[in-house]
Amino acid sequence: MLSTPDDMLTTNQIIQWLEEVKDPEIPVLSLVDLGVITGIEINGQSVTVNMTPTFTGCPALDMMKQDVIDVLHKNGIADVNVVISFKEPWTSDKISEKGRNALKQFGLAPPPAGKNLFTDIDVLEHAACPRCGNTNTTLKNPFGPTLCRSIHYCEDCREAFEQFKPL
Ligand SMILES: [Zn+2]
């Protein structure tokens, strides 16, 4: 059993552990940075993690859920509940600054912040190239290898790149 207050579970500690769980399709991006982890409740030694899925049918939800449970088990928390919540829909604005940088380093253009795909179609048409940052780009295919990515072509680099779609 825990003896000192220093050993008490904290939300920050749980988040630190959960940083280890990556998006199955983007191994550099943690679920925390993706903004999928939307709540943590600690009740004694029992932990409830709330997750809000991103794109329907995008990264395997069951797999992410299991990874969250596994990581917390590994850190000594036996009683883990994962609750999938749709209360507040996920948007690409929930991706943290760290997550956006990780996407760029991975060669994926991060989704433009604060934009709404349905009101601003330019966002998809003029994605910023993750290599040179230029928006002199052309949308090649709104549906990339997965539902959450679109394919673009940079006129300056003369190379294609993928963008994590804004939502
Ligand atoms: Zn470029």
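A short tour of the structure in this document, coming up. These numbers come from a predicted model, not from an experiment. (Residues numbered from 1 in each chain as written. Predicted model: local features only at pLDDT ≥ 70, side-chain atom pairs only at ≥ 80, totals over all residues. Heavy atoms only, no water.)

### Observations regarding the coordination of the zinc ion
Angles between donor atoms at a metal ideally measure 109.5 degrees for a four-coordinate tetrahedral arrangement and either 90 or 180 degrees for a six-coordinate octahedral one. The protein atoms that coordinate the zinc ion are Cys129 (SG), Cys132 (SG), Cys154 (SG) and Cys157 (SG), at distances of 2.2 to 2.4 Å. Around the zinc ion, the four donor atoms are arranged such that angles at the metal cover 106 to 114°; this shape is classified as tetrahedral. Judged by relative accessible area, which is 40%, Cys132 ranks as partly exposed. Taking relative accessible area as the criterion, Cys157 reaches 27% and is therefore assigned partly exposed. (Donors = N, O, S within 2.8 Å, 3.2 Å for Na, K, Ca; no water. Tetrahedral: all angles 85-135°; square planar, octahedral: opposite > 155°, others 65-115°. Buried < 20%, exposed > 50% of the residue type's maximum accessible area, 1.4 Å probe, protein only.)

### Points about the packing of aromatic side chains
Under the definition given, this model contains one aromatic pair. Here the basic side chain of Lys140 rests over the ring of Tyr153, its NZ or CZ set 5.5 Å away from the ring centre. (Phe/Tyr/Trp six-rings, centres within 6.5 Å; stacked < 30°, edge-to-face > 60°. Lys NZ or Arg CZ within 6 Å of the ring centre and 35° of its normal.)

### Some words on the pattern of salt bridges
Taken as a whole, this structure holds six salt bridges when the rule is applied. Residues Glu88 and Lys94 are paired through a salt bridge, measuring 2.9 Å at the closest nitrogen-oxygen approach. Relative accessible area serves as the criterion here: at 26%, Lys94 is assigned to the partly exposed category. Residues participating in the shared-partner salt-bridge network are Glu19, Asp33 and Lys98. (Salt bridge = Lys/Arg side-chain N within 4 Å of Asp/Glu carboxyl O.)

### Remarks on the pairing of strand E7 (residues 159-164)
Across two bridges, strand E4 (residues 108-109) lies against E7 in parallel orientation. Bridging from a neighbouring strand, Leu108 pairs with Glu162 of E7. In this structure, the hairpin formed by strand E6 (residues 149-154) and E7 is closed by a connection of four residues, where Arg158 is found at a positive phi of approximately 55°. (Pairing = 2+ DSSP bridges. Helix = DSSP H or I, 4+ residues; strand = E, 2+ residues; numbered from the N terminus.)

### Notes on the packing of helix H1 (residues 11-18) against helix H3 (residues 61-74)
Interhelical geometry of H1 versus H3 gives an angle of 115° and a closest axis separation of 9 Å. Two packed elements cross with a definite hand, and for H1 against H3 that hand is right-handed. Within the contact between the two elements, H1 uses Ile14, Trp17 and Leu18 and H3 uses Val68, Val71 and Leu72. Here the contact of H1 with H3 is composed, by residue class, of six nonpolar, no polar and no charged. (Axes fitted to C-alpha atoms, helices over the stretch in contact; angles between N-to-C directions. Left-handed = near helix turned anticlockwise from the far one by under 90°. Contact = heavy atoms within 4.5 Å. Nonpolar A, V, L, I, M, F, W, Y, C, P; charged D, E, K, R; others polar.)

### Thoughts on the sheet that holds E7
An order of E4-E7-E6-E5 is seen for the four strands of this open sheet, with the pairing classed as mixed. Edge strands, defined here as strands with exactly one partner in the open sheet, are E4 and strand E5 (137-141). Direction of pairing for E5 relative to E6: antiparallel, over a ladder of four bridges. By the bridge assignment for E6, Thr137 is matched with Cys154.

### Overview of H1
Of all the positions in H1, only Ile14, Trp17 and Leu18 are classed as buried. Projected down its long axis, H1 carries its buried residues within an arc of 100°, all on one side. Across H1 from its buried face, at more than 90 degrees, point the exposed residues Asn12 and Gln16. Here the buried face of H1 lies against helix H2 (31-34), strand E1 (37-43), strand E2 (46-51) and H3. (Arc of directions from axis to C-beta.)

### Re the nonpolar core
Residues Ile14, Leu18, Met51, Val68 and Leu72 are the most contacted members of the largest nonpolar core, which totals 28 residues. Secondary-structure elements contributing two or more residues to this core are H1, H2, E1, E2, H3 and strand E3 (79-84). With five residues, the top contributor of residues to this core is H3. If we skip the residues at most four places from it in the chain, Val68 touches Leu18, Val21, Leu31, Ile37, Val49, Met51 and Val82. Counting residues in each nonpolar core, the second largest holds five residues, with Ala109, Ala127, Cys154 and Phe161 among its members. (Core = buried A, V, L, I, M, F, W, Y, C linked by side-chain atoms within 4.5 Å.)

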